[in-house]
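Examining the three-dimensional arrangement
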Amino acid sequence: MQVQVVDHPLAAAALTVMRDERTARPQFRAALHDLAMMLVYEAARGLPTMPVSVTTPLTTTTGVVLAAEPVVAPVLRAGLGMLPAALTVMPDARTAFIGLARDEATFEPRVYLESVPADLAGRPVFMLDPMLATGGSALHALRLLTARGATGIVVVSAVTAPEGLTALEKSGLDVRVVTAAVDESLNDVAYIVPGLGDAGDRLYGAV
Ligand code: PRP
Ligand code: URA
């Protein structure tokens, strides 16, 4: 499994705004949007293209178009905070929605929505979730996407924990992770430390 930590001053600054406990919801959403633009841009670096002929005002030359329609898969709720950025970077992408809520006692994901195209074979798939903690939610989403034929899925996360990365690695799934940070560890209630708290609550308010 490949893990790419995006090392860029603008990404680090946006993540710092998100980490700050004083950052209010509007500024938190804006910082995640900015960070997601950079992460998705990097995640999309390997997209296959095919050559096309393009006629400029001066001559005809060769350009490219994407070889396949990408699919972006936000994990609700918090992944929705990355969706507008992903669709800005890849406007023609299709969106798959996966709704998961982590049980606060067992840390296991509870599924409440699976709205995913039936056949993902041959399509580049980007799973969006700002937080990868135990990895339980990501593994559920990845297995669902894999069962629909997706391969080489890219997990795009603002903050990851070593425990979650190890869980993904051990799963043997063919994934790549693009993130702004690999933090220290999880605490005893499976929150990422130093982390940024509950991403869904900070984006949309506590439920
Ligand atoms: C958060 C986060 C991930 C998950 C990560 O979502 O957005 O989906 O927890 O934890 P894990 O790696 O241990 O599974 P949560 O379940 O809190 O739902 P929310 O986005 O609706 O707040
Ligand atoms: N989910 C979050 O939103 N934050 C964490 O630190 C862990 C899981």
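Residues numbered from 1 in each chain as written. Chains lettered and ligands numbered in written order. Predicted model: local features only at pLDDT ≥ 70, side-chain atom pairs only at ≥ 80, totals over all residues.

Attention now moves to the site of ligand 2. All residues adjacent to ligand 2 are Ala78, Met131, Ala133, Tyr191, Ile192, Gly195, Asp198, Ala199 and Gly200. For the shell around ligand 2, the class distribution of residues is six nonpolar, two polar and one charged. (Near = placed C-beta within 6 Å. Nonpolar A, V, L, I, M, F, W, Y, C, P; charged D, E, K, R; others polar.)

With that settled, the discussion passes to the UniProt feature "domain: Phosphoribosyltransferase" (unreviewed entry) in the protein chain. The sites that carry the UniProt feature "domain: Phosphoribosyltransferase" (unreviewed entry) are, in the present numbering, residues 5-205. Here residues 5-205 runs as 32% helix and 31% strand, with 28 Å between its end C-alpha atoms. (UniProt positions renumbered as here; feature names shortened; annotations may be inferred. Helix = DSSP H or I, 4+ residues; strand = E, 2+ residues; numbered from the N terminus.)

Before going further, it helps to spend a moment on the nonpolar core. Formed by 60 residues in total, the largest nonpolar core has its most connected members in Ala73, Ala86, Phe126, Met127 and Val156. Broken down by element, the residue count for this core peaks at eight residues, all from helix H2 (residues 25-43). Every residue in contact with Val156, bar those within four places of it in the chain, is listed here: Leu39, Val40, Ala43, Met82, Phe126, Met127, Leu128 and Val178. (Core = buried A, V, L, I, M, F, W, Y, C linked by C-beta atoms within 7 Å. Buried ≥ 20, exposed ≤ 12 C-beta atoms within 10 Å, placed from the backbone. Contact = placed C-beta atoms within 7 Å.)

Moving on, we come to helix H4 (residues 136-147). Look at H4: 17 Å from first C-alpha to last across 12 residues, which is about the 16 Å you get at 1.5 Å a residue. Every buried residue belonging to H4 is among Ser137, Ala138, Ala141, Leu142 and Leu145, and all of these are buried. Projected down its long axis, H4 shows its buried positions confined to an angular sector of 125°, all on one face. Pointing more than 90 degrees away from the buried face of H4 are the exposed residues Arg143 and Ala147. Within two residues after H4, Gly149 carries a phi angle of roughly 105°, on the positive side. (Expected span 1.5 Å × (residues − 1). Arc of directions from axis to C-beta.)

Our focus in this paragraph is the site of ligand 1. The environment of ligand 1 is formed by 23 residues, the closest being Arg77, Arg102, Thr134, Ser137 and Gly200. Every element with two or more residues in the shell around ligand 1 is listed here: strand S6 (97-102), strand S9 (131-132), H4 and helix H6 (199-204). Tallied by class, the residues present in the shell around ligand 1 amount to 13 nonpolar, six polar and four charged.

So, about the pairing of strand S11 (residues 175-182). In terms of burial, S11 is a largely internal element, six of the eight residues being buried. Relative to S11, strand S1 (residues 2-5) runs parallel, the two sharing four bridges. Residue pairing across strands places Val3 opposite Val177, the latter belonging to S11. In this structure, strand S10 (residues 153-160) lies alongside S11, joined through seven bridges in parallel fashion. By the bridge assignment for S11, Val154 is matched with Arg176. Handedness of the crossover joining S10 and S11 through helix H5 (residues 162-171): right-handed. (Pairing = 2+ DSSP bridges. Right-handed = clockwise from strand over helix to strand, strands pointing away.)

Here we take up the packing of helix H1 (residues 9-19) against H2. Where H1 meets H2, the axes come as close as 9 Å, and the angle between the chain directions of the two elements is 155°. With respect to each other, H1 and H2 are oriented roughly antiparallel. Where H1 crosses over H2, the two elements pack in a sense that is left-handed. Of the residues in H2, those touching H1 at Leu10, Ala11, Ala14, Leu15, Val17 and Met18 are Gln27, Phe28, Ala31, Leu32, Asp34, Leu35 and Met38. (Axes fitted to C-alpha atoms, helices over the stretch in contact; angles between N-to-C directions. Parallel < 35°, antiparallel > 145°, perpendicular 65-115°, else oblique. Left-handed = near helix turned anticlockwise from the far one by under 90°.)

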